[in-house]
Amino acid sequence: MTFRHRLRLFALSGLVLFTVSASLPSAAASGAPEPRHPSAGGLSATIRYTEYGIPHIVAKDYANLGFGTGWAQAADQVCTLADGFVTVRGERSKFFGPDAAPDFSLSSAATNLSSDLYFRGVRDSGTVEKLLRVPAPAGPSREAEESMRGFAAGYNAWLARNRDRITDPACRGASWVRPVTTLDVAVRGFALSVLGGQGRGVDGITAARPPAHAPSAAGATPKAGVTPKEAAAAAKRLLSTRNADMGSNAVAFRGSTTADGRGLLLGNPHYPWEGGRRFWQSQQTIPGELNVAGGSLLGSTTVSIGHTADVAWSHTVATGVTLNLHQLTLDPADPTVYLVDGEPQRMVERTVTVPVKGAAPVTRSQWWTRYGPVVTSLGAGLPLPWTATTAYALNDPNATNLRMADTSLGFSKARSTAGIERALHRTQGLPWVNTIAADRAGNTFFSQSQVLPRITDELAARCSTPLGQATYPSSGLAVLDGSRKACALGSDRDAVRPGIFGPGRMPTLKNAPYVENSNDSAWLTNADRPLTGYERVFGTVATERSVRTRGAIEDVTAMAERGRLRVGDLERQQLANRAPTGDLVAADVAKWCATLPGGTAVGGDGAPVDVSAACPVLRRWDRSVDSDSRGALLFDRFWRKAASVPSAELWKVPFDPADPVRTPRGLNTAAPGLGRALADTVTELRAARIALDAPLGKHQFVVRNGKRVPVGGGTESLGVWNKIEPVWNPAAGGYSEVSAGSSYIQAVGWDAGRCPVARTLLTYSQSSNPNSPHYSDQTRLFSGERWVTSRFCEKDIAASPELRVVRVHERH
C-alpha cells in the first residue's frame, strides 16, 4: 500500500483532517536571499500528531519539509525560537536592555550588548550570505538551503495565524515576536557552528581596543595578562568537557553481543533544560527520499540525533579544541598593524552600531586580521591583553562552516553505519561532537569527525609561542606565532576547505563489540581496542578518565560480555542511576565517619559538628541516585565539597594508564578537607530542615504548574550515566530545578520485523509553554522511569489513539 493510499484511509476512517492556511509573503520576499532553485507555488506539509505531541511531518520536498518543521516548532516553542532570532539579529539590547544576560544558548556573551555587537558584526559583514553562496560540498547544498527557506516560511505562517493567540507568558503580546527570514535561520545555524570558537570568545572580540584607546573606551585599565602556567590551568578549565552545560553518553553494541545479531544504540545527550539549546522531537518524511525520527536542536531544520529504518546514531560533545590563537607581532608605531615575515598588514576595522532600549545607540569597532578577529580574553580566567607590541587573533574554522545541516541530512538518508561514515566524509560539517552509530546489520561505528583547526603536534612544536608551549599540552589550545607564514595551518587533500583536518585524520573505530563515549577523548572508545596516534588538538591519550567514563566502561563492558542484549537492556542502563563514585568511596567514608572522635568533625567555620547520624545513613545508602534512594542527597552534597581536595591527596592509588578504568582509587580518609566537607554538609542539610536520610526525590525535583515532579539522576562528579545538574535552592526544598542533563534519550534496535524497535524520552517535554498539554507530560514519564514507544512505521502512526492530522500551507 502506498503512503498516499494510507493517508487517504486516515480520512476515510473518520479521523478529522484540520486544514490551516495563512496569507503572507514568502520568506524570500521578506528579505531572505533567493534559493538557487526555488520551489514553485505555496509551501505545505501534513503533520500527524501522536502521543505526547510528537509530530510526524510529511512533505513532497525539502522546502515543504522545512515548512512543516518550522510550523510545528513554532507551535511548541515560539517564545524560545523568537528569543533566539532576536539574538542573531543583534537586537537584544533594543528589546531587553544592554546589561541583562542572554541565556547563553547561542554564545558565551555575558551581556546583551556584547551579544549584539558580535551578531550585528556578523550581519553587517555579510558573513553568512557569503557562505550561502559557496557551492557544495564546501558550502550548503540546495536541499539544506531549501529546508531553511521552508522553515522560515513555516514559522511565519504559524505566527501569522496565531500571533494573537499565543498563550505562553514568556512572549504573549511581545513586540519582539516577529516574522523571520531564511537568513535568520541560517545565522542561527552559524551561531551553533561557532559556539565553541568565536562564540566562546564573544566578550573578548567585542571588547578588543587598541591600547591607546582601551582605558577611555572601556572605562578601565585593561586587565593584565597571566603567566604561561596560569594560562595553561585556565585554558584547561575553560575547554574541559566535564563541567560544561553540554555533554553526553552514547553506546553502540555490535550484533555479536545482541540477542538477534542486529545492532543496538543508546543515546543520552546532556543539554540545557531551558533556553535555545533544548531538543525538540519529530519525524520527518519525504516519501521515497528521506524518513527519519529523532531530536532536533531548536531552530534546526534537520534531525540532530535519531534513527532511520535501518541505522541509529547519537552524538557526544567531543574533546577536540575548535579554535586556536595566533600571537601577533605589532608595528611599534601602530598597534593596528601586524607583521608577517616582516611585511606590515593592517587590521580591518569593522564599526558596529547597536540600538539600545531607552538610550542612544552604541557604536564599537571590532578588529579583524587574516587569522580572524582580535580577541582580548577567552573567559574571565584567560586574559589576552592587546599591548603596544602584542595582540592575539582567534582562528575558528567553523566560521566558514555552514555544512552541519547537510551532515544531518546525510544521516537522515543513511541505511547503514557505512552511510553515516560517507555523510561525515562528504560534508565535514560537525563542529563539536563525536558520532556513535549502530545498524540493522549489526555494525557499530565511532568517529570524532569534527571541524578542527589543522594543528598538528609538529606544527605546535615548531610554531608555539611561550604561551602556546604551556596551553597546548595542557588543553589542546594552540597559540601560534602569527608573524611567520611558515606557521600557517596548511591543508589536507581530503578536506573540503584548507586549514582543517580531512576525514583520514579523524579517530575512528568500526565494528568493535561496543563503542562508547562519555565526553572524554577517543582513547578508550573501546577499552580493549584503545585509539591512539591522533594529534593533541583532538584530545589526550593515556590520561585520567572521568568517573562517568569509568562507570560507563564498566557497565557496557559487562553488558557486552553478558551478551544476548535487547532494547530493554538499554532502557535499564539509562535509568539504573548507579553512582560509580559511591561504589568507589561510600563504604570507606562510612567507616571513617564511624571512627571520628566523639562523632564530630570541624566545619569550615572552625566549630565542631556532631556528624554521627550521617554514618549509618552513608553505610545503608544503596549507591544509586533513584528518587527513593535514602542517603543519596547526603552523599551528593558531601562529595561536591570533598571533590575539591587535590587528586594527589584524595586517592591512595594514583592514576595508572595501564589500569585506566580502576584508577585512581582507594579514598585517603586522612586527606585534609574531608572532615570539613562532612561537617559542612550536615550543617547545611540541618539548616535547610532536610533529614539526612530523606529520599532523594523529596528534595530533587522540578516544579511544573505548581506541582513537584521528582527527578532521579545525579551530577557529574558522581559519575552517573543519567546525568542531571540540579540547582541547589535549600529555601525552596533542596534541588528545585534542573539546569542541564539528560535530554532527548533514545534506545534503538531491530528485530525480524521491518520497523525499528525504539524507545524515546524527551525529559523536559516538547513545549516550554506552561499552558501547553505537552509542557510536562514526558517529564512525568521521566520521573516515573517510563518510556515512549516510537511510532515510526505507518501502521504504528495510524494506530495511535491520539492521532491528529493537520494540513498546513501558505498562500501567496
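Before reading on, note that the structure itself is shown above.
Residues numbered from 1 in each chain as written. Predicted model: local features only at pLDDT ≥ 70, side-chain atom pairs only at ≥ 80, totals over all residues. Heavy atoms only, no water.

Asks: I'm lost on the overall build of the protein in this one. Help?
Replies: Helices and strands together make up the secondary structure of the protein, namely 24 helices and 33 strands. Relative to its length of 812 residues, the protein is compact, with a C-alpha radius of gyration of 27 Å against a globular reference of 28 Å. Among the 812 residues that make up the protein, the fraction classed as buried is 63%. Put simply, 69% of the contacts in the protein that link residues at least 6 apart link residues at least 24 apart. Total accessible area on the protein is roughly 29,300 Å²; 52% of this is exposed by carbon and sulfur atoms. Between the centroid of the 89 positive side chains of the protein and the centroid of its 72 negative side chains there is a distance of 3 Å. (Helix = DSSP H or I, 4+ residues; strand = E, 2+ residues; numbered from the N terminus. Rg over C-alpha atoms; globule rule 2.2 N^0.38 Å. Buried < 20%, exposed > 50% of the residue type's maximum accessible area, 1.4 Å probe, protein only. Contact = heavy atoms within 4.5 Å. Areas by Shrake-Rupley, 256 points an atom, 1.4 Å probe, with all protein chains shown as cover. Lys, Arg positive; Asp, Glu negative; His and termini not counted. Charge placed at Lys NZ, Arg CZ, Asp CG, Glu CD.)

Asks: Please explain unusual backbone geometry as it appears in this structure.
Replies: When glycine is set aside, most residues are seen to have a negative phi, and most peptide bonds are trans. Backbone torsion omega between Ala136 and Pro137 reads 10°, so that peptide bond is classified as cis. Tracing the sequence through the fold places Pro137 in the loop between α5 (127-132) and α6 (142-162). Between Thr663 and the following residue, Pro664, the backbone shows a cis peptide bond with an omega angle of -5°. Relative to the helices and strands, Pro664 is located in the loop between β24 (651-653) and β25 (665-667). The phi torsion at Asn577 lies on the positive side, around 60°, for a residue other than glycine.

Asks: Is there a simple way to think about the pattern of salt bridges in this case?
Replies: Pairing between side chains of opposite charge can happen when the charged atoms of each approach one another. For the coordinates displayed, the defined rule picks out 37 salt bridges. Lys723 is the partner of Glu716 in a salt bridge, and the nearest nitrogen-oxygen pair spans 2.9 Å. We classify Lys723 as buried; its relative accessible area is 2%. Among the ionic contacts, a cluster of salt bridges with common partners joins Arg454, Asp492, Arg505 and Glu535. (Salt bridge = Lys/Arg side-chain N within 4 Å of Asp/Glu carboxyl O.)

Asks: What is the right way to read the state of the cysteines from this model?
Replies: Put plainly, two cysteines are in a disulfide when a covalent bond ties their sulfur atoms together. Enumeration according to the criterion identifies four disulfides in this entry. With its sulfur 2.0 Å from that of its partner, Cys79 forms a disulfide with Cys171. Across the S-S bond linking Cys79 and Cys171, the dihedral sits near -75°, which makes this disulfide left-handed. Here Cys171 lies in the loop between α6 and α7 (182-193) and Cys79 lies in helix α2 (residues 62-88), a separation of 92 residues in the sequence. Each of the two residues, Cys79 as well as Cys171, counts as buried. What pairs with Cys755 in a disulfide is Cys793, and their sulfur atoms sit 2.1 Å apart. The sign of the -130° torsion about the S-S bond sets the Cys755-Cys793 disulfide as left-handed. Here Cys755 is found in the loop between β30 (744-749) and β31 (757-762), whereas its partner Cys793 is found in the loop between β32 (788-789) and α24 (794-798), with 38 residues between them in sequence. A relative accessible area of 12% means that Cys755 is categorised as buried. The buried category is assigned to Cys793, whose relative accessible area is 6%. (Disulfide = S-S within 2.5 Å.)

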